[in-house]
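Here are the chains, one letter per residue:
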Amino acid sequence: MNFNVKNIRKDFPILKKKINGKPLIYFDNAATSQTPKCVIDSISNYYNNYNSNIHRGVHSLSEEATEEYEGSREKIKQHFNAQFKEEIIFTSGTTHSINIVSNGFLNQLNNNDEIIVSGLEHHSNIVPWQMMAKKNNAKLKVIPIDDNGELKLDDFKRLISNKTKLVFVNHVSNTLGIINPIEEIITVAHEYGALVLIDGAQSAAHFKIDFQKLDVDFYTASAHKLCGPTGVGFLFGKKRLLEKIDPFMGGGEMISDVTFEETTYADLPHKFEAGTPNISGVIAFGVAIDYMNKIGFDNIQKYEDGLLNYANSKLKKIDGLKIYGDVKNKTSVISFNIEGIHPYDIGSILDKYGIAVRTGQHCTQPIMDHFKIPGTVRVSLSFINTFEEIDILFDAIIKAQSMLS
Amino acid sequence: MNFNVKNIRKDFPILKKKINGKPLIYFDNAATSQTPKCVIDSISNYYNNYNSNIHRGVHSLSEEATEEYEGSREKIKQHFNAQFKEEIIFTSGTTHSINIVSNGFLNQLNNNDEIIVSGLEHHSNIVPWQMMAKKNNAKLKVIPIDDNGELKLDDFKRLISNKTKLVFVNHVSNTLGIINPIEEIITVAHEYGALVLIDGAQSAAHFKIDFQKLDVDFYTASAHKLCGPTGVGFLFGKKRLLEKIDPFMGGGEMISDVTFEETTYADLPHKFEAGTPNISGVIAFGVAIDYMNKIGFDNIQKYEDGLLNYANSKLKKIDGLKIYGDVKNKTSVISFNIEGIHPYDIGSILDKYGIAVRTGQHCTQPIMDHFKIPGTVRVSLSFINTFEEIDILFDAIIKAQSMLS
Amino acid sequence: MTIENLQQNLIQDFEFFEDWTQKYEYMIELSKGLDKMDQEMKSDKNIIKGCQSKVWLHADYSDGKIKFLADSEAIITRGIIAILLMVFNNKTPDEIINSDISFIEKIGLKEHLSPNRANGLYSMIKQIKFYAIAYSKN
Amino acid sequence: MTIENLQQNLIQDFEFFEDWTQKYEYMIELSKGLDKMDQEMKSDKNIIKGCQSKVWLHADYSDGKIKFLADSEAIITRGIIAILLMVFNNKTPDEIINSDISFIEKIGLKEHLSPNRANGLYSMIKQIKFYAIAYSKN
Ligand SMILES: Cc1ncc(COP(=O)(O)O)c(C=O)c1O
Ligand SMILES: Cc1ncc(COP(=O)(O)O)c(C=O)c1O
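Residues numbered from 1 in each chain as written. Chains lettered and ligands numbered in written order. Predicted model: local features only at pLDDT ≥ 70, side-chain atom pairs only at ≥ 80, totals over all residues. Heavy atoms only, no water.

**Topic: the interface of chain D and chain B**
Heads up, the rule is: Throughout, a residue-residue contact means that at least one pair of heavy atoms, one from each residue, lies within 4.5 Å. When two parts are put together, the accessible area they lose, computed with a 1.4 Å probe and summed over both, is reported as buried area. The definition of a polar contact used here is a pair of N or O atoms within 3.5 Å, where within protein one atom must be able to donate a hydrogen and the other to accept one, and adjacent residues in sequence count solely through side-chain atom pairs. Per the convention used, a helix needs a DSSP run of H or I reaching at least four residues, while a strand needs a run of E reaching at least two, with both numbered from the N terminus. Gly falls in the polar group here, along with every residue not listed as nonpolar (Ala, Val, Leu, Ile, Met, Phe, Trp, Tyr, Cys, Pro) or charged (Asp, Glu, Lys, Arg).
Taken together, the contact pairs 17 residues of chain D with 14 residues of chain B. With both sides pooled, the region where chain D packs onto chain B buries about 1400 Å², and carbon together with sulfur makes up 59% of that total. Where chain D packs against chain B, one counts three residue pairs in polar contact (both at pLDDT 80 or more). Contributions of two or more residues to the side of chain D that touches chain B are made by α2 (20-33) and α3 (75-88) of chain D. Residues that form the side of chain D that touches chain B fall into these classes: six nonpolar, six polar and five charged.

Below, the structure written as structure tokens:
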């Protein structure tokens, strides 16, 4: 395996940092990934050398910025194997991407139509649909989850019908790390003529995804979870579907003709990219994708699986520790509680040891309601973590447990 | 005057750049401003030292990022003298900001209601309202402009009535540089109980603005025109108004309670900040505001006025050159054409001399229609420009003119 | 004792601790000494929103002074609540209104009070001041 | 001459120029030599969208070859149109389909053909290839 974590860690300046006198151990990768130097440098390089507004300028800076910006679109297209470049819409992040779709279907659905959401979703893949359904009276149905946190596929097959117009599911649950069987969900949905949106916020960083092979209708992700900067993401949609839905925002760039009486929208992808985009961010996103491909998604996946297994078996040795979503098909996330201790207390004490974990509901209140818990401690791993860090985590949890009992 | 342009220019790394072998002369400041080193460094510093998702983390990185992010909100609040911090909503830019408001009023207006837009608007302040009006049948009325490009205020006073619910006008026209009489517009609108949105994309960089003194209801701006990074802006709205309108996007952070049956929205400002925001961008935006305040808006205004007057009188010496919007009350923009020459040709040749200007419609097709021209050459100035650069521009235009005639 | 004096005492107490573990152990002690709130008082009315660990705060006004009751699910949060009640409980509205809360920073617990922590303590202090303002108008 | 030969000739011509001014002067020359399109041909059907300087392109197919007519408002754009027509006019659909357009880069006019320039040339080349594909199916 051509993968050396020590060398890779040198690419991430933040890993030199001390927290409360201890070396930073970053186990909050699912919230946001850390950023390699090449990505940070690409942002400085943009502002130092060719910062300019894009698409409309006749001058050289604008041309360079446009080329790099469009080059980034090409990289995303290639990496995810979209059919057309214009199927990649740059957005400010997954949340924005999902809202484009929910808004787009606002006037395409009515009160006989049904939409299906999974019980494992992040608020970003629930609230936009609730807002839509409130307006067009479409009916929102939920795929329930079982005691392990897995989607009940049989129930999905019972819920779906010819009335179902849209199904939206995350690829990987941010709270439990469970990988959902999206291939099967897509196949079943398509049999009923329903479209599928996959929220890939938590999958894109962990394995390679092929839009054409998946035959997915819409897919979304955020750069800041992919070694890229904050404030950027993308929406993928099949061309004929994106052409069919209304734009979400009005503004510059997304029009081809404007009079006070009437406006014609521009072609894809511009129709959905109103206003000056996050130019430096989009360009840095492309650099981040290049960086991850250089490391290799196969390597990333293999290494992260090893880490996850190690962490899983190690943490299970702790008395009273319960893991939620402890299933076979998962990636890079362990969500747990320790009997009698509030997750917030554990998180606070781990921080004192320089360990960054997330505690709380992780924007998935329905999952918390399902397990009847106030929250969990979530350890989310990435290829920048080491096995030694898991040992340190283990020791720190033991200490926290003894302090708090 | 405590203002030394030579020293200031040292803060901007891009100004060392050569274009086609000539030093870069950047006269496209209205499209996007250049970025001082301190702002660029603040972005690297964020990713090198405390990159983390905000608001929900118990760990130190998250706390530091949240403090800096919220600190930036405080800076914007102070600088523009908003009454409450939560009146400042971070967005991805002016276009996004305006769409929040147009979407917010979607279900508050009906087909007896009227909205008034100025004839000088950027597409970003036209299209969102057209999209809204198409849905709720509100009527869009336009304040016409006169031969000089100035708004006909008398017509505005005839158009407005008790049916008028909203008036939206840019503070400064991006195409002509004309400063609109927003104080008077706000006063008149308020007499009729109408609310006013000021698109400040082109004003915030050129003079100090006081929201409370103006008594403006909504105001928008983009960081990338204010020495800040791309992908960030803000919406200001009076608290009681923002509380009254629906959120634009659904997602994480903007909710307080989520079940599949119902969702309660969070308080301001979070209600409008769904998803992971552009954290590094927002923080850098605060640094940019600090930077401009260090230079001093009084200094900036005085210096830029001097530049504008000089450029104005100099360009007028060119045979056949016509300036659009050549009025007294304007700032930092000169839009012109030369008889018999297409603006694109001039822009192309100026680029060869290292001079970046913008040509075309500047996202204001209605203004072009008004003057019956295909576009203009726009020279937009800022405090980083020098009088010598204007001399070079003058010579280059003369050369372009002789080549192209 | 005045709020100011109480705060000074706390700052001095905390200066004794050599590291964060001693400080946290002390807070956990305090937490165990804090009265539990009755279940019926843990109502929606008393809950403080936006918290990772729920915080409840109840106030009563009598004899010119405000009596606070507060609780939380998390033990460290309860420890800080205990500290806040030591300082603010049984004080007049005016005393509370005019008090400074920077002592929290001086005893090194600032991290729990940033708006970020979302643990309700930040909102709890705001709410304490809020009650004080409300009762001062009585 | 084949498209390939025409392109090679152009590249050689442009190599003579010592700086951009000569190159631009030559293009302006070419522009002046290009036939103006009739007003009625400058219809919405022939316009190429998304341009700062409008570009019109018209195609006719006869005797197995495509005849192009094109025009623009801007003089430099017209110059480039003249160059493109030199190469692509009166060629068979297959010749056009199989042709390489990188010669534009080699003669140093790439900047006018980036999608950014929004001057329609980029779209014009796409449209030329489009016509070729359409007519090749006849
Ligand atoms: C007057 C005006 N309004 C709105 C905008 C749109 O700003 P942004 O592209 O940053 O969303 C601009 C930018 O060109 C502008 O000049
Ligand atoms: C599964 C999932 N969906 C959506 C989101 C929202 O992403 P963003 O905050 O970047 O818009 C997240 C991020 O936490 C997530 O984990």
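**So, the site of ligand 1**
What counts here: Throughout, near means a residue has at least one heavy atom within 4 Å of the molecule or strand. Only the protein chains shown count as cover for residues, and the accessible areas themselves come from Shrake-Rupley with a 1.4 Å probe.
The full set close to ligand 1 counts 14 residues, and Thr 276 of chain A together with Thr 95, Asp 199, Ser 222 and Lys 225 of chain B are the nearest of them. Near ligand 1, the surrounding residues are drawn from chains A and B. A distance of 2.7 Å separates an oxygen atom of ligand 1 from a polar side-chain atom of Gln 202 of chain B. Between ligand 1 and Lys 225 of chain B, the relevant distance is 2.6 Å, taken from an oxygen atom to a side-chain nitrogen or oxygen of the residue. Coverage of ligand 1 by the protein amounts to 95% of the 400 Å² it exposes when considered alone. Among the residues making up the shell around ligand 1, the classes are represented as one nonpolar, 11 polar and two charged.

**Topic: the relation of the copies chain B and chain A**
Selection criterion: Least squares is the method used to superpose the copies, on C-alpha atoms of residues holding a pLDDT of at least 70 in both.
Of the transformation placing chain B onto chain A, the axial shift is 0.0 Å and the rotation is 180°, giving an RMSD of 0.0 Å. What we have between these two chains is a two-fold relation. Both copies present the same face, since 100% of the interface residues in chain B are matched by interface residues at the equivalent positions in chain A.

**Describing the interface of chain B and chain A**
Quick reminder of the rule: Any Lys or Arg side-chain nitrogen found within 4 Å of a carboxyl oxygen on Asp or Glu counts as a salt bridge.
Taken residue by residue, the interface counts 92 residues in chain B and 92 residues in chain A. Buried surface at the junction of chain B and chain A, both sides included, amounts to about 6800 Å², of which 58% is carbon and sulfur. Among the residues of chain B in contact with chain A, Tyr 47, Val 58 and Phe 260 of chain B are the three that bury the most area, contributing 12% of the side total. Measuring nitrogen to oxygen at the nearest pair gives 3.9 Å for the salt bridge that ties Lys 17 of chain B to Glu 64 of chain A.

**Concerning the site of ligand 2**
With respect to spatial proximity, 14 residues lie near ligand 2, and among them Thr 95, Asp 199, Ser 222 and Lys 225 of chain A together with Thr 276 of chain B are the closest. One chain alone does not account for the residues near ligand 2; they come from chains A and B. A distance of 3.2 Å separates an oxygen atom of ligand 2 from a polar side-chain atom of His 122 of chain A. Between Ser 222 of chain A and ligand 2, the recorded distance is 2.6 Å, taken from a side-chain N or O atom to an oxygen atom.

**Quick word on unusual backbone geometry**
Where we set the bar: Only protein chains enter the accessibility calculation, which uses a 1.4 Å probe. A residue is then buried if its area is under 20% of the maximum for its type, exposed if over 50%, and partly exposed in between.
Residue Pro 269 of chain A follows Leu 268 of chain A across a cis peptide bond; omega there is -5°. Even without glycine at this site, Asn 20 of chain B takes up a positive phi of about 50°. Judged by its relative accessible area of 40%, Asn 20 of chain B is partly exposed. Of note in this structure, Asn 90 of chain D is not a glycine but carries a positive phi near 60°. Along the chain, the position of Asn 90 of chain D falls in the loop between α3 and α4 (93-97).

**So, the sheet that holds strand β3 (residues 65-72) of chain D**
All names here are of chain D. Quick reminder of the rule: Strands are labelled as partners when DSSP assigns at least two bridges between them. Structural elements are reduced to axes, namely lines fitted to C-alpha atoms, with helices fitted over the stretch in contact, and the angle between N-to-C directions of any two is expressed from 0 to 180 degrees.
If you walk across this open sheet you meet the three strands as β1-β2-β3, and the pairing is antiparallel. The sheet is open, and its two borders are formed by β1 (47-48) and β3, each paired with just one other strand. Where β1 meets strand β2 (residues 55-62), two bridges bridge the pair, whose relative direction is antiparallel. Considered in β2, the bridge of Ile 48 is made with Val 55. Its contacts with the sheet place α3 against β2 and β3, and it is angled at close to 175° to β3.

**Description of the arrangement of the chains**
Of all five pairs of chains that touch, the greatest number of contacts is found between chains A and B. In this structure chain C stays clear of chain D, and the shortest span between their C-alpha atoms is 42 Å.

**Details of the side chain of Glu 87 of chain A**
By secondary structure assignment, the location of Glu 87 of chain A is in the loop between α3 (60-80) and β4 (88-91). At a separation of 3.1 Å, a polar atom in the side chain of Glu 87 of chain A contacts the main-chain amide nitrogen of Gln 83 of chain A.

**Concerning the pattern of salt bridges**
Residues and elements named next belong to chain A. Counted according to the given criterion, the structure contains 40 salt bridges over all chains. Note that Asp 41 and Lys 37 form a salt bridge whose closest N and O atoms lie 2.8 Å from each other. Of this pair, Asp 41 and Lys 37 both sit in helix α2 (residues 37-49), separated by four residues, roughly a single helical turn. Residue class for Asp 41 comes out partly exposed when judged on its relative accessible area of 35%. Each of the salt bridges in this network shares a partner with another, and the network as a whole consists of Glu 70, Arg 73, Lys 85 and Glu 273.

**Focus on a positive patch on the surface**
Basically, it comes down to this: Candidates for patches are residues over 30% relative accessible area with no salt bridge; among them, like charges are joined within 9 Å and nonpolar side chains (Val, Leu, Ile, Met, Phe, Trp, Tyr) within 5 Å. For the purpose of charge, His is not counted, nor are the chain termini; Lys and Arg are scored as positive and Asp and Glu as negative. Charge positions are represented by NZ for Lys, CZ for Arg, CG for Asp and CD for Glu.
A grouping of Lys 134 and Lys 135 of chain A together with Lys 134 and Lys 135 of chain B is seen on the molecular surface, where their side chains present a positively charged patch. Elements supplying a minimum of two residues to the positive patch: α5 (127-136) of chain A together with α5 (127-136) of chain B. Structurally, the position occupied by Lys 135 of chain B is in helix α5.

**A short note on the nonpolar core**
For the record, the criterion: To form a nonpolar core, buried Ala, Val, Leu, Ile, Met, Phe, Trp, Tyr and Cys residues must be joined to one another through side-chain atoms within 4.5 Å.
Membership of the largest hydrophobic core comes to 307 residues, with the highest contact counts inside it found for Phe 383 of chain A together with Phe 383 of chain B. Sort the elements by how many residues they give to this core and helix α10 (residues 279-295) of chain A lands first, with 11 residues. Not counting chain neighbours up to four residues away, the residues in contact with Phe 383 of chain B comprise Phe 3, Val 5, Ile 8, Phe 12, Cys 227, Tyr 291, Met 292, Ile 295, Ile 300, Tyr 303 and Glu 304 of chain B. Core analysis: the next-biggest nonpolar cluster, separate from the first, contains 67 residues, Ile 100, Ala 133 and Phe 218 of chain A together with Phe 168 of chain B among them.

**Description of the sheet that holds strand β13 (residues 321-324) of chain B**
Residues and elements named next belong to chain B. Spatially, β13-β14-β17-β16 is the arrangement adopted by the four strands of the open sheet, whose pairing is antiparallel. At either end of the open sheet lies a strand with only one pairing partner, and these are β13 and β16 (358-360). Along the sheet, successive strands turn relative to each other by an average axial angle of 30°, direction set aside. Note that β16 and strand β17 (residues 376-380) share three bridges and pair antiparallel. Of the residues in β17, the one forming a bridge with Gly 360 is Thr 376.

**A few points about the packing of helix α3 (residues 60-80) of chain B against helix α10 (residues 279-295) of chain B**
All names here are of chain B. Stated precisely, the cut-off is as follows: Orientation categories follow fixed angle ranges, with anything under 35 degrees roughly parallel, anything over 145 roughly antiparallel, 65 to 115 roughly perpendicular, and all other angles oblique. Two helices cross in a left-handed way if the nearer one is turned anticlockwise from the farther one by less than a right angle. They cross in a right-handed way if the turn is clockwise.
Packing of α3 against α10 leaves a shortest axis separation of 8 Å and a crossing angle of 40°. Between α3 and α10, the interaxial angle falls into the category oblique. Crossing of α3 against α10: the hand is left-handed. On α10, the residues that touch Ala 65, Glu 68, Tyr 69, Ser 72, Lys 75, Ile 76, His 79 and Phe 80 of α3 are Ile 279, Val 282, Ile 283, Phe 285, Gly 286, Val 287, Ile 289, Asp 290 and Asn 293. Split into classes, the residues belonging to the contact of α3 with α10 amount to 10 nonpolar, four polar and three charged.

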